[in-house]
Each structure stands twice: as C-alpha cells, then as structure tokens.
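Chain and residue survey
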Amino acid sequence: MTNQSDMTNYLQTFVEGMISSGVEQAVISPGSRSTPLALLLHRQEQIKTFIEVDERSAAFFALGLSKASSKPVVLLCTSGTAAANYYPAICEAYASHIPLIVLTTDRPHELRQVGAPQAMDQFHLFQGHVKEFIEMAIPEGTKTMLDYAYWQGMRATDTACQVPKGPIHLNFPLREPLLPNLDRSLIAEKTTAILAGKKQLSKEQIINCVDAWQGKNGILVVGGNHTSEEAEVFIKLAETLNWPIISDPLANITTCGKNSPLIMSCADLFIQEVEMIQYPEVVVRFGMLPISKNTMFWLQSLEDKTTIYFVDETGEWQDQLKQTQVAIQAEEQAFVQTIIDKVEIKTVDSWSNQWITWQKITEQQLNELSEMKTLNETSASLLVHKKMADNGQLFVSNSNAIRFLDRFSTAESNHYQLFGNRGINGIDGIVSTALGMCAINPERQNVLLIGDLAMYHDMNGLLLAKRYNLPLTIVLLNNNGGGIFSFLSQRQLAAEDFEPIFGTPIDLDFSLVAQLYDANYVKAESLEQLAVLLETTQKQPAFQIIEVVGDRQENVQLYEKVMMELKEKLREKQ
C-alpha cells in the first residue's frame, strides 16, 4: 500500500471510532496540514460539517452546538497559531463541562524545532484546560495501527462525555503528501457498543439524607446548566420538601414553564434586606454557586447550626465557599428523584411562607415601577424573557445582560431553554456560541441578548449566520461601553480615568454591521415596538439585529431606586 492509502485508512478508522461514540457534527477551519482530516470529515455522510475560517469563532460555535445538542462536537484546524485561537473556547468548555473533541494537525517529528514554517510546540497546548491530551502516532496502515486509531477515536470521545464532561485534545503529526485517497469507502464499517451506568448512593445513604432533610427548615440552591426537564425535577423536590428554591438563571428554574410560589427568582434583591425570624437548618446546594453575589454573601453569613450539603456529580469539589459539611457525589437527577420518592414529611408552611411573602413583595415592587413600562435595557431584557416562545432558545451574554434577568425576571408560563457561557464568564465568543445554539434548532425562535462590547468582541461570528442562513435574532443592549463597571467600585473614579479604561466607548454604528453581514436591522423606539418585533420572531425566525439604545447611568439609577423602595416595603411588612 502507498503512504497515501495508509494515511487515509488510519484517519478514516479514527473518524469511525468517533462516530461509534456519538460524534455527529464537526466544525472545520481550513488549512493545509489538516487537509486529509478535513476532507474525510466533510465527505462523511454521518457527520454534519460547518466551515468557519476564524478559529476563535469556530471554537465557540462548536461550543454552542454541543451545549444545545448535549452531544460531543469535533473541532479541526491546521498547525501553528490556528489552534492557539481555540484557547478561550477550550477554557470555557472545560469550566462548563462541554464535550469537545479538539483535533489539531501538526508537522511530523522530523520537522519540529528545526525552523520549519508554521511549526510550534503543540504538546499540551491547552495545559490544564482539557481532560486529556493525546499525541497520535504517525499514520500507518497495519492492522495494529488501524485498531489503535479506531480505539483512540472511540475512547477520546467517550472520555469527553463522561462526567465531568469536558474537552479532549488530540494532536496529529502528518507527513506529505496530504491529499487522502478519496476513492476509499467512507461508510463506517465498525461500531462498538458502550454501556455505562450512573453513580448512585446506597439505600442507607439515601435514607440518611431523607431523615436529615424532611420536616426541617431548608433551602435548595441550584447552580450550573440544566435543561428545562431537569429544572422541573428540582422544583418537584422543592415542593415535596416545602422548601424555597434559589437558582442561577442558567439552571432554567424560571424558564421551564412551571410557576411555583417556592421559586425565589428575586432572591438577589431581597435576601440581604430582610430580617429572618427563622434561619435554615439545612441548605442543599447543587453544582456551582448562582451568579447572585447577594446570595453568596447570605450563604457565607449562615452560622454553624445550618448544615450545608453539596451535591457534586462531577467530584471536582467546586465549592468556593468551602462550607460543605456533607458532600454527595452522585448523579444529580437520579439522586433527586430518589429523594422525592422517599420523602414523607413536609416542612411546616410557616417556614416557606416568609420566603413567599418576600418574593411577592419584590414582584409587586417591580410591577409598580414606571421604568418597567418604558424602553430601557432592564425592561427590554425582561420583555425578551416574557416573549420567548414555548421551546424557544435564548442565549444571554455575560456582564449586565444576565444580571438583568437574574435580578428582575420572574417565573413565567412560557417554556424555553436559556443558555450562556458561565464557566469562565468571558464576553468573547458569545455571538458564535449563540449561533451554534441556533444551528441545532433553526426552526425555533432563537434569540441572543447581548451588550455592545460583547457584540464587538465577536462580530466575526456573524459570518456563520450569513453562510448557513441561521435565523438568530440579536437584541443588542447598546450603552456604548462597559456598562457593568458602572455598578462596581471603579465608578468612584474621575471621568478622565473611568471612561477610557472602564467605560470604553466604541461608538459603532451597528446598522452598518448588520448591512455587512446581510442581517435585518431595526432600532427599537418603544417597548411596544420591541414587543411586536419579538412576537414576530416566534412565527417568522430571521437573522436580525434589534438595537436598544441604553444609558449606563440610567441602569445604575434604576437599580438603586428599586433597592431603596424595596427596603421601605420590606420594613413595612416586618
């Protein structure tokens, strides 16, 4: 056999191994050294491929595909700095437990560290931000090496999907000639069945938890990324125990369509302002902490008489408060359902009623605000939440956008899925990740809520929408700069220091950005107009930018007004 045939068979069996473990999609950034893998993936009928020339955008797009599909996605690029542009998305995937299969191609060993062009050290390129690094062998056509290639493709993909999920990096040294034998059959000829169980507690351990929880004053705190179906199970647990539930927006507790009075969607606003008659005897946390700093401060203030349980299915001990007294390492959903089935005693209503009262007072205060009836960044964010269609998909950007939803949104009857990049919390790659989300279900209503700086950071990603006709509606909150810093201590600085370093106005005309990428553009002039535009997206999804012009100081003033009036109302009820 020729070197070309050996390389083709070797790489094709590797691809078959990935397919055997569930790979269905790949994102390819064109390049020379990656030619054989790119062609084999692109011509593989069992894998849908997307082409994106910007590697940073490609990686975040793959991240979005994996988030929305809950399946492993392949990333492929050429040698050199191309792979370095994957780094931000790889970091996010690792922190968010997203299974990406990162394939980098490389110069063969004889061309490394000798001054060959487009060569750099790609060993452990992503350091501790991948679950595993694998340096693949030079392609050979022997049965032993074909079995090796298949096994690595299957094993790497399965490893990426094992809890805790995360990215795997495989580096392929390839010799020229780089064109594969395209006459070879690309039909996967080999499959391997993978049967896996879930990590569960013993019956005795379950009974111990039930005995320690039922009838006690308790709180559920749910962080991390969860589907709407998983969110409903958490709510059922809260109702079974009669405990309030505090959650991160991405836990989808407020977007799953189940409006329970035990959902404390406004906890960030009231939790530090109330005088508690009764304190929790038990707090049960799931996953990472919610975004709310006030909730974090409240948890830190709890005395030793409160027992903290931490359900950590990843086993990574991601407890930044380090308060855990009982760590439970089990698969979340199976554990929760088992507890629901065993609980026989509900906590008395007096415990949950005080929380329900605080939530209702806060909701009433928000409803009475005149600012919520006029167009601003906060009211626009809430309107997006309320106008999401059943089974719609909303991606929310970091910084202010997700905080508007966390502080002010309430549980509605509409049932949709909320996504975000809250592993590292960066604002890079937001557009591309949202487009990956959109590509999984383009027939649904797909919306991105994003600020102007985050939009600017990832404008290259808009090419994916143009190329693949992805009907993403972008609601752009434009306050001409870094609005989040107006809420932080940096706002005490003089204007001449604050504006250039933290305010960072960019003065972009986003109508021209829309024109460049063939997107529709509308500047919303009123809350009523925005409502009509969002309702239209439910029936007629389209690639468009809806700009909401905001004001950084107005956002802060509204928040301060809410807190001042809420304090007064809470004092009246004490």
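The structure reproduced in this document is the subject of the present report. Being a predicted model, the structure only gives us computed values, none of them experimental. (Residues numbered from 1 in each chain as written. Predicted model: local features only at pLDDT ≥ 70, side-chain atom pairs only at ≥ 80, totals over all residues. Heavy atoms only, no water.)

Brief notes about the environment of Ile138
Along the polypeptide, Ile138 turns up in the loop between β5 (132-135) and α6 (143-161). With relative accessibility at 17%, the residue Ile138 sits in the buried group. Sequence separation between Ile138 and His109 is 29 residues; the distance between their C-alpha atoms is 8.8 Å. When sequence neighbours within four positions are dropped, the list of residues in contact with Ile138 reads Tyr10, Pro108, His109, Met145, Pro173 and Arg175. (Helix = DSSP H or I, 4+ residues; strand = E, 2+ residues; numbered from the N terminus. Buried < 20%, exposed > 50% of the residue type's maximum accessible area, 1.4 Å probe, protein only. Contact = heavy atoms within 4.5 Å.)

Re helix α5 (residues 87-96)
Burial within α5 is extensive, with seven of its ten residues counted as buried. Within the sequence span of α5, burial applies to Ala89, Ile90, Cys91, Glu92, Ala93, Ala95 and Ser96. On the buried face of α5, the contacting elements are α3 (55-69), β3 (73-77) and β4 (100-106). Positive backbone phi, at 60°, marks His97, one or two positions downstream of α5.

With respect to the sheet that holds strand β1 (residues 25-28)
Taken in spatial order, the six strands make up an open sheet running β2-β1-β3-β4-β6-β5, and their pairing is parallel. A single partner strand is all that each edge strand has here, and the edge strands are β2 (48-51) and β5. Direction aside, the axes of adjacent strands within the sheet are offset by 20° on average. Judged from the six bridges that link them, β4 and strand β6 (residues 168-173) form a sheet pairing that is parallel. Across the sheet, the residue bridging to Thr104 is Asn171, located in β6. Sheet strands in contact with α6 are β4, β5 and β6, and its direction is about 170° off that of β5. (Pairing = 2+ DSSP bridges. Axes fitted to C-alpha atoms, helices over the stretch in contact; angles between N-to-C directions.)

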